[in-house]
Amino acid sequence: MDAKVGVVGVGTMGSMVMWQLARAGITSVIGFEQFNIGHDRSAVGGESRAFRTAYLEGSEYIPLLIDSYQQWRELEQDTNVDLLTLTGGLTIGKSEEITMKNMIQCVHDFDLDHEILDWKQAKTYYPQHMLTSDEIIILDRKSGFLRPELAVLTAARRAEELGAAILRNTPVESIEPHSAGVRVHAGERIYEFEKVVVTAGPWLNRLLPIYNDYFEVNRLLLSWFTSKNIKSFYPDQFPVFVHLTDGIDLFGVPTVDGNTVKIAKVSSGGEGPVANPDAMNRNVQSEDLEQIIQGVKKYLPELIPEPIRVTAYMDGYTKDHHSLAGYVPKQDNLLVFGGFSGHGFKLAPVMGKIALELLKTGSSSYAVQHLDPNRFLE
Ligand SMILES: Cc1cc2nc3c(=O)[nH]c(=O)nc-3n(C[C@H](O)[C@H](O)[C@H](O)COP(=O)(O)OP(=O)(O)OC[C@H]3O[C@@H](n4cnc5c(N)ncnc54)[C@H](O)[C@@H]3O)c2cc1C
């Protein structure tokens, strides 16, 4: 055996799996990363990721998010690095919309620290947003933004500090489970492990082709705008937000650099499929930006409606937009954490903890039936 556990892909999930294992004393671990740690060629990049506990993607995530919040704070304490800034989070939409009604139900059911503001109150507190009189704002206080590149680097480097190993710029070519463990072929060598966790993000189905029919990669764009009055977009004045409108659904994060504000489209399937993650088109055409520019003009009038920076990333999506988290079907030694479908960053440390539990005991104390890797294949 080269080590007890192999981790294939040290991006968002891989770094958190390694950190959770290392701090639980499991340091006989080798992580493989095809690029450098914290790179921006897949799902990490763009300086911020929104963290919310009041969740549009389903109430089954709320207990996971409450725990994830705690895990982020523990990673910060363990490393003395600030990763999560709370700004509060606004969900803006028409009061009669079913999504808003569900959301209100959710914040009550889970007793989340929140406030519901009517149009007039909201206009006073958040003048940056253009609101209509039929809209309300749900303010979720335990929301804010994470620093994705720093988070991945912090978790991975802490795991190394505690004794784990990471092979950088080492792509894994294939994975071969057998009765006594798993072989990993990488860099002209074969590594032997008791167990392997696949956290390969957009490359997941190359290593696990059983998911070919249930998994695709989507391209996502981020864009940044500036303002004559950038101070009103500082984190203490401009919470992270989602604005659900008739035309385009927007999300945004306050300025991190004191110059630009990140605004992007909320789109359930991203900007379309990517056939080959090695060759994703990073060029952004002007037609890709039309909707976001219109959205900014209409709903955020203090921003100059010309993006001064635009970048493309990608994420792995499953058919039902819930991730795969657990043992690969019919395999006792192979786990998968992938297909986070555009909303996984905030969950990363709790996913690491679930991997730890599954590796140690074979089961998890978290309610993650909706993420069962068997569900498509049974
Ligand atoms: C533009 C954008 C905005 C987003 N916004 C949010 C947000 O606001 N809030 C939120 O919670 N989530 C958000 N998400 C989603 C979140 O970022 C992703 O769901 C999450 O980062 C996915 O993590 P991952 O570990 O599956 O993939 P990754 O972080 O991409 O990690 C996969 C890693 O595996 C490596 N790898 C792959 N194949 C191999 C191989 N064969 N050998 C070695 N290494 C390999 C890759 O190089 C990569 O480092 C966003 C995603 C995008 C793209």
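The numbering scheme is per chain: residues are counted from 1 as the chain's sequence reads. Residues qualify for local features only when their pLDDT is at least 70, as the model is predicted, and side-chain atom pairs are given and counted only at 80 or more; totals for whole chains, interfaces and linings, by contrast, use all residues. Here the side-chain values reflect all heavy atoms present in the structure, with hydrogen atoms and water set aside.

**Looking at the site of the ligand**
Any residue with a non-hydrogen atom lying within 4 Å of a molecule or strand is treated as near it. Taken together, the neighbourhood of the ligand is formed by 34 residues, with Thr12, Glu33, Ser42, Asp315 and Lys346 sitting nearest. At 2.8 Å, a side-chain N or O of His39 approaches an oxygen atom of the ligand. Surface accessibility follows the Shrake-Rupley procedure with a 1.4 Å probe radius. Residue values consider only the protein chains on display as shielding. Protein contact buries 97% of the 1000 Å² of open area that the ligand shows by itself. What counts as a helix is a DSSP run of H or I of at least four residues, what counts as a strand is a run of E of at least two, and both are numbered from the N terminus. Of all elements in the fold, only α1 (12-23), β3 (49-51), β13 (215-225) and β17 (309-318) reach the threshold of two or more residues within the shell around the ligand. Considering every element that reaches the shell around the ligand, the biggest residue donor is β17, with three residues. The term polar contact refers here to a pair of N or O atoms within 3.5 Å; inside protein, the definition further demands a hydrogen-donor-capable atom paired with an acceptor-capable atom, and it admits residues adjacent in sequence only when both atoms are side-chain atoms.

**Examining the UniProt feature "domain: FAD dependent oxidoreductase" (unreviewed entry) in the protein**
UniProt positions are given in the numbering used here, feature names are shortened, and annotations may be inferred rather than shown by experiment. In the numbering used here, UniProt assigns the "domain: FAD dependent oxidoreductase" (unreviewed entry) feature to residues 5-357. As a span, residues 5-357 carries 26% helix and 29% strand, and end to end its C-alpha atoms are 13 Å apart.

**Remarks on the pattern of salt bridges**
Just to be clear on terms, a salt bridge is a Lys or Arg side-chain nitrogen sitting within 4 Å of an Asp or Glu carboxyl oxygen. Under the definition given, this model contains 15 salt bridges. Of the charged contacts in the structure, one is a salt bridge between Arg168 and Glu160, with a shortest N-O distance of 2.8 Å. Relative accessibility decides the category of a residue: with a 1.4 Å probe and only protein chains considered, values under 20% of the type maximum give buried, values over 50% give exposed, and everything between is partly exposed. The exposure class of Arg168 is partly exposed, given its relative accessible area of 31%. Look at Glu160 and you get partly exposed, because its relative accessible area is 25%. The shortest N-O distance in the salt bridge between Arg375 and Asp320 comes to 2.7 Å. Remark: Asp320 occurs in the loop between β17 and β18 (324-327) and Arg375 occurs in the segment after α8 (348-361); sequence separation between them is 55 residues. Under the relative-accessibility criterion, Arg375 is labelled partly exposed at 23%. Its relative accessible area of 32% is what places Asp320 among the partly exposed residues.

**Examining the packing of helix α2 (residues 62-79) against α8**
Any two packed helices are characterised by how steeply their axes cross, that is the angle between the axes, and by the distance between the axes. At a minimum axis distance of 7 Å, the contact between α2 and α8 shows a crossing angle of 95°. When the interaxial angle is binned, α2 and α8 end up roughly perpendicular. Residues Leu64, Asp67, Ser68, Gln71 and Trp72 of α2 form the contact with α8, whose own contacting residues are Ala348, Pro349, Val350, Met351, Lys353 and Ile354. Lys, Arg, Asp and Glu make up the charged group, whereas Ala, Val, Leu, Ile, Met, Phe, Trp, Tyr, Cys and Pro make up the nonpolar group; the residues left over, Gly among them, are polar. For the contact of α2 with α8, a count of residues per class yields seven nonpolar, two polar and two charged. To obtain each axis, a line is fitted to C-alpha atoms, and for helices this fit is confined to the stretch in contact; angles are then taken between N-to-C directions over 0 to 180 degrees. Orientation is classified from the angle alone, with under 35 degrees giving roughly parallel, over 145 giving roughly antiparallel, 65 to 115 giving roughly perpendicular, and any other angle giving oblique. Residue contacts follow a heavy-atom distance rule, with two residues in contact if any of their heavy atoms lie within 4.5 Å.

**Re the packing of α1 against helix α5 (residues 148-161)**
Axis separation between α1 and α5 bottoms out at 8 Å; the angle between their running directions is 35°. As α1 packs across α5, the resulting crossing turns out to be left-handed. Facing α1, whose interface residues are Thr12, Ser15, Met16, Met18, Trp19 and Ala22, α5 presents Ala151, Val152, Ala155, Ala156, Arg158 and Ala159. Considered class by class, the residues forming the contact of α1 with α5 number nine nonpolar, two polar and one charged. Helix crossings get a hand from a simple test, with the near helix turned counterclockwise from the far one by less than a right angle marking a left-handed crossing and a clockwise turn marking a right-handed one.

**Let's talk about the nonpolar core**
Here, nonpolar core means buried Ala, Val, Leu, Ile, Met, Phe, Trp, Tyr and Cys residues that are tied together by side-chain atoms lying within 4.5 Å of each other. Core analysis: the largest hydrophobic core is formed by 63 residues, its most contacted members being Leu64, Trp72, Phe337 and Met351. No other element matches the eight residues that α8 contributes to this core. Residue assignment places this core across two domains, with domain 1 (3-45 + 148-214 + 320-371) and domain 2 (86-143 + 216-314) each supplying three or more. Setting aside its immediate chain neighbours within four residues, Phe337 contacts Met13, Val197, Val198, Thr199, Leu324, Ala325, Gly326, Met351, Ile354, Ala355 and Leu358. In this structure, Ile30, Phe215, Val217 and Leu324 belong to the second largest nonpolar core, which totals 32 residues. These domain limits were set by an automatic method or by a database of domain assignments.

**Some remarks on unusual backbone geometry**
With a phi angle near 70°, Glu47 is a residue other than glycine that sits in the positive phi range. If you check the backbone angles, His321 has positive phi at about 65° while not being a glycine. If you trace the backbone, His321 turns up in the loop between β17 and β18.

**Here we look at the domain arrangement of the protein**
Domain annotation for the protein reports domain 1 (3-45 + 148-214 + 320-371) and domain 2 (86-143 + 216-314). Here the C-alpha centre of domain 2 lies 30 Å away from the C-alpha centre of domain 1. On the side of domain 2, 11 residues touch domain 1, which itself brings 11 residues to the contact. Computed with a 1.4 Å rolling probe, the buried area is the accessible surface lost when two parts are put together, summed over both parts. Buried surface at the junction of domain 1 and domain 2, both sides included, amounts to about 880 Å², of which 49% is carbon and sulfur. Across the domain 1-domain 2 interface, the total number found is one salt bridge. One salt bridge in this structure joins Asp278 and Arg206, with 2.9 Å as the shortest N-O distance. For the side of domain 1 that touches domain 2, the residue count by class is five nonpolar, three polar and three charged.

**Section: the packing of aromatic side chains**
A pair of Phe, Tyr and Trp rings is counted when the ring centres sit within 6.5 Å of each other, with Trp represented by its six-membered ring. The angle between the planes then sorts it: under 30 degrees is stacked, over 60 is edge-to-face, the rest tilted. Overall, the coordinates contain 11 aromatic pairs when judged by the stated rule. Seen from their ring centres, Phe51 and Tyr69 are 6.1 Å apart, and the 50° between their planes marks the pair as tilted. Separated by 18 residues along the polypeptide, Phe51 in strand β3 and Tyr69 in helix α2 bring together distant segments of the chain. For the pair formed by Phe51 and Tyr69, the shared burial category is buried. Their ring planes at 70° and their centres at 4.8 Å tell us that Phe233 and Phe238 sit as a pair that is edge-to-face. Considered together, Phe233 and Phe238 belong to a single accessibility category, that of buried residues.

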